[in-house]
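# Close look at the chain arrangement
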Amino acid sequence: MERETISAGGIRLRPFEESDIAWVDAVSRDPLVQKYVQVPVPYRRSDAEYFVREMCMEGWDSGRRAEFVVESAGDGAGRRLGRMGLGLDGAGAGQIGYWMDPAARGSGVATAAARALCGWAFGTLGLGLVEWRAEVGNVASRRVAEKAGFTVEAVLRQRLVHRGARVDAWVGSMLPSELPQD
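Here is a short report on the structure shown in this document. Computed from a predicted structure; not experimentally measured.

About the criteria used
Residue indices begin from 1 for each chain and proceed along its sequence in written order. Reporting in this predicted model follows two pLDDT cut-offs: at least 70 for local features of residues, and 80 or more for side-chain atom pairs to be given and counted; totals over whole chains, interfaces and linings ignore these cut-offs and use all residues. Side-chain measures here rest on the full set of heavy atoms in the structure, leaving out hydrogens and waters. In DSSP terms, a helix is any run of H or I states spanning at least four residues, a strand is any run of E spanning at least two, and both are numbered starting from the N terminus. For each residue, the accessible area found with a 1.4 Å probe, counting protein chains only, is set against the maximum for its type, and the residue is called buried under 20%, exposed over 50%, and partly exposed in between. Should any heavy atoms of two residues lie within 4.5 Å, those residues are considered in contact. We call two strands paired when DSSP finds no fewer than two bridges between them. Seen with its strands pointing away from the viewer, a crossover is right-handed when the path leading from the first strand over the helix to the second is clockwise. The axes are straight lines fitted to the C-alpha atoms, using for helices just the contacting stretch, and the angles between their N-to-C directions are given from 0 to 180°. Any Lys or Arg side-chain nitrogen found within 4 Å of a carboxyl oxygen on Asp or Glu counts as a salt bridge. Definition used in this section: a nonpolar core is a set of buried Ala, Val, Leu, Ile, Met, Phe, Trp, Tyr and Cys residues joined via side-chain atoms within 4.5 Å. The arc in question is the one traced by the directions running from the helix axis out to the C-beta atoms.

Let's shift gears to the environment of Gly 78. Considering the arrangement of structural elements, one finds Gly 78 in the loop between strand 3 (65–72) and strand 4 (80–88). On the accessibility criterion, Gly 78 (39% relative accessible area) is partly exposed. With 67 residues separating them along the chain, Gly 78 and Ile 11 place their C-alpha atoms 8.9 Å apart. With residues near it in sequence (within four places) discarded, Gly 78 still touches Glu 71 and Ser 72.

Rendered as structure tokens:
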């Protein structure tokens, strides 16, 4: 799959590069990322290297994932704000995942980036469904998903494994016709 950049107003989503490793390392040590994202604890530089090289860059090459750095496009262009990713199932659906740099949280960037990613997934990739899942209790992720246009459908009991324990998950979805057009 060819790597692409998505522009959306004051942000852009671009594929990960080797130069993003140090930033991924720093953000992945954030307590909120560690609380809700399945990252190793303790987190090591080698974990960031693996994520960028194998999950992000190789994910594009294999067509299994489209992983993006969300960065500012206006004032302070190029400032890294977060990560938006889309796992692809090969059958016309994808699963969105995201985390934000602590400095970018609460600014609306995650919602704008999620909408941009879904628009690209529906338009460019021709997906018929994008799914979102988060551990029950991750209210910030749910708020982003709902503002981005996802319909939260259910609580899936013990669906996720987090730090070796089964946890309940919220699940939501968006169809192409549900993408907000504002």
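Here the narrative resumes, following the displayed structure.
What follows concerns unusual backbone geometry. The omega torsion of the bond from Val 41 to Pro 42 falls at 0°, within 30 degrees of zero and hence cis. Considering the arrangement of structural elements, one finds Pro 42 in the loop between helix 2 (31–36) and helix 3 (45–62). Despite not being glycine, Gln 158 shows a phi value in the positive range, around 55°. Counting through the fold element by element, Gln 158 comes out in strand 7 (residues 151–162). The phi torsion at Arg 163 lies on the positive side, around 55°, for a residue other than glycine. Mapped onto the elements, Arg 163 comes out in the loop between strand 7 and strand 8 (165–174).

Here 4 bridges tie strand 5 (residues 93–100) to strand 6 (residues 129–135), and the two strands are oriented parallel to one another. When the bridges of strand 6 are listed, Gln 95 appears paired with Glu 131. The parallel pair strand 5 and strand 6 is bridged by helix 4 (residues 109–123), and the resulting crossover is right-handed. As paired elements, strand 6 and strand 8 share 6 bridges and run antiparallel to each other.

The next thing to look at is the sheet that holds strand 4. Reading across the sheet, the 8 strands line up as 1-2-3-4-5-6-8-7 and stay open at both edges, with mixed pairing between neighbours. Pairing within the sheet leaves two strands with one partner each, and these edge strands are strand 1 (6–8) and strand 7. Sheet twist, expressed as the average angle between the axes of neighbouring strands with direction ignored, equals 25°. Strands in contact with helix 4 are strand 1, strand 2 (11–15), strand 3, strand 4, strand 5, strand 6 and strand 8; relative to strand 4, the strand with the most contacts, it is inclined by about 35°. Taken strand by strand, helix 5 (residues 139–148) contacts strand 5, strand 6, strand 7 and strand 8, and its axis lies near 160° from that of strand 6.

Turning next to the pattern of salt bridges. Evaluation of the coordinates by the stated rule reveals 14 salt bridges. Of the charged contacts, one joins Glu 71 and Arg 12 as a salt bridge, the two residues approaching to 2.5 Å between their closest N and O atoms. Pair noted here: Glu 71 is in strand 3 and Arg 12 is in strand 2, with a separation of 59 residues, a long-range link. Note on Glu 71: relative accessible area 4%, which makes it buried. For Arg 12, a relative accessible area of 30% translates into the label partly exposed. Among the salt bridges present, the one from Arg 65 reaches Glu 67, with a minimum N-O distance of 2.6 Å. Linked by salt bridges that have partners in common, Arg 12, Arg 14, Asp 20, Glu 71 and Arg 80 make up one network.

Leu 13, Met 84, Leu 86 and Ile 96 are the most contacted members of the largest nonpolar core, which has 36 residues in total. The set of elements that each furnish at least two residues to this core consists of strand 2, strand 3, strand 4, strand 5, helix 4, strand 6, helix 5 and strand 8. Other than its neighbours up to four places away in sequence, Leu 13 contacts Glu 4, Thr 5, Ile 6, Phe 68, Val 69, Val 70, Met 84, Ala 113, Ala 116 and Leu 117. If you look at the next biggest cluster of nonpolar residues, it comprises 15 residues, including Trp 23, Val 24, Tyr 43 and Val 69.

On to helix 5. Buried within helix 5 are the following residues: Ser 141, Val 144, Ala 145 and Ala 148. One face of helix 5 carries all of its buried residues, which in axial projection span an arc of 100°. Against strand 5, helix 4, strand 6 and strand 8 lie the buried residues of helix 5. Note on helix 5: the residue one or two positions beyond its end, Gly 149, has a positive phi of about 115°.

Note that all results are geometric; they support no functional claim without further evidence.
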